[in-house]
Amino acid sequence: MKFALIAPPWASSLVLKYRLSYHMVLAQYINEDPDYAEFYTRAHERGDFIIIDNGAAEHAGLPFDQVLDAAERVGADEICMPDVLDDGPATVRATLEAAHLVPPRKRMLIPQGKTWEEWVECLQQIEEIG
């Protein structure tokens, strides 16, 4: 198992304290905070694994092109594909619309649903995307 701390800019000291090398990075801060971007760019250069988070859980509402820009800026190894909290069908649509923008090996798929059944349905549909 790997532990990835999702640290906003004010919490980068935790990443340093625990010497983490597997990171979930918030795209909205990469685009707003040059120090945060530099911190994770250097982490990538050290060989750390970088996952760029799309900000959906934080209600950042970031357009996916900005997520991709942030991913490129820090050299992300993996990119959280678009998802819509608690909405399986909207997540499937958003993921399908963006699939051509991210190579399959760099995609992190995030199923959503209001119920367990909707979540499983979403998972099955986005699994087919790859």
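As the structure is a computational prediction, the values presented were derived from the model and not from experiment.

Re helix 4 (residues 64-74)
Helical geometry: 3.6 residues make up each α-helical turn, so side chains three or four residues apart lie on a common side.
Thinking step 1. Buried within helix 4 are the following residues: Phe64, Val67, Leu68, Ala70, Ala71 and Val74. The buried residues of helix 4 occupy an angular sector of 160° when projected down its axis, which confines them to one face.
Thinking step 2. If you follow the buried residues of helix 4, they end up packed against helix 2 (27-32), helix 3 (34-46), strand 3 (49-53), strand 4 (78-80) and helix 5 (88-98).
Thinking step 3. Trailing helix 4 by a residue or two, glycine 75 shows a phi angle of about 75°, which is positive.

Considerations on the pattern of salt bridges
Thinking step 1. The final tally for this structure, using the stated rule, is 2 salt bridges.
Thinking step 2. The salt bridge partner of arginine 46 is aspartate 48, with a shortest N-O separation of 2.9 Å.
Thinking step 3. Take arginine 46: its relative accessible area is 53%, and that puts it in the exposed class.

Some thoughts on helix 6 (residues 116-129)
Thinking step 1. The terminal C-alpha atoms of helix 6 lie 20 Å apart, and with 14 residues this matches the ideal 20 Å at 1.5 Å per residue to within 8%.
Thinking step 2. Along helix 6, the residues classified as buried are Cys122, Ile126 and Ile129. Considered in projection along helix 6, the buried side chains sweep an arc of 25° and stay on one side of the axis. In helix 6, the exposed residues that point more than 90 degrees away from the buried face are Trp116, Glu117, Glu127 and Glu128.
Thinking step 3. Buried residues belonging to helix 6 abut helix 5 and strand 5 (107-108).

Calculation notes
Residues numbered from 1 in each chain as written. Predicted model: local features only at pLDDT ≥ 70, side-chain atom pairs only at ≥ 80, totals over all residues. Heavy atoms only, no water. Buried < 20%, exposed > 50% of the residue type's maximum accessible area, 1.4 Å probe, protein only. Helix = DSSP H or I, 4+ residues; strand = E, 2+ residues; numbered from the N terminus. Arc of directions from axis to C-beta. Contact = heavy atoms within 4.5 Å. Salt bridge = Lys/Arg side-chain N within 4 Å of Asp/Glu carboxyl O. Expected span 1.5 Å × (residues − 1).

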